[in-house]
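Secondary and tertiary structure notes
The residues making up each chain are set out below.
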Amino acid sequence: NKPRESAWRQWAVGTAYAAKGDAKKASAALSKMDEIFDQYQEQVRGAVPSELRVAKLELAAHIVAARGNLEQSLKRLEKVAERQRGLTYSEPPFYPRPVADLIA
């Protein structure tokens, strides 16, 4: 019942499916993230955190790769990495891993 944690779970599930090449199941996780974002705004009465929005963009880029378009996926991941670098720094970090590592 915690939308923040649920969104992160869908990000993790979606990236795992995308890594296996299952774009359909990864897309389903992305759709669930959208639903969770709506719940977040209702329950928390605030905007969805930036790190979750970046996670959604990252997952979308992984889905593009799972569909076989690696060049477009890398371009998207570069943009996602730039947005991630713009997030507020904290310890522990709000974002689970550097997106730039995925394209290095």
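In case you missed it, the structure is sitting above this.
Residues numbered from 1 in each chain as written. Predicted model: local features only at pLDDT ≥ 70, side-chain atom pairs only at ≥ 80, totals over all residues. Heavy atoms only, no water.

All right, on to helix α4 (residues 70-85) then. Residues three or four positions apart in an α-helix share a direction because the helix packs 3.6 residues into each turn. The end-to-end C-alpha distance of α4, which contains 16 residues, comes to 22 Å, matching closely the 22 Å that a straight helix rising 1.5 Å per residue would cover. Those residues of α4 not exposed but buried are Ser-73, Leu-77, Val-80, Ala-81 and Gln-84. The buried residues of α4 all sit within an arc of 105 degrees when viewed along its axis, so they share a single face. Those residues of α4 that are exposed and aimed more than 90 degrees away from the buried face are Glu-71, Lys-79 and Glu-82. Close packing links the buried residues of α4 with α3 (50-66) and α5 (100-103). (Helix = DSSP H or I, 4+ residues; strand = E, 2+ residues; numbered from the N terminus. Expected span 1.5 Å × (residues − 1). Buried < 20%, exposed > 50% of the residue type's maximum accessible area, 1.4 Å probe, protein only. Arc of directions from axis to C-beta. Contact = heavy atoms within 4.5 Å.)

Relative to the elements of secondary structure, His-62 occurs in helix α3. Since its relative accessible area comes to 16%, His-62 is described here as buried. Each C-alpha atom of the pair His-62 and Ala-47 lies 24 Å from the other, and the pair is 15 residues apart in sequence. Contact partners of His-62, with chain neighbours within four places excluded, come to Thr-15, Ala-18, Ser-73, Leu-77, Arg-97 and Leu-102.

Next up on the list: unusual backbone geometry. For the peptide bond that leads from Glu-91 to Pro-92, omega is -5 degrees, which places it in the cis range. Of note in the backbone geometry, Arg-45 takes a positive phi value of approximately 60 degrees without being a glycine. Tracing the backbone shows Arg-45 in the loop between α2 (23-44) and α3.

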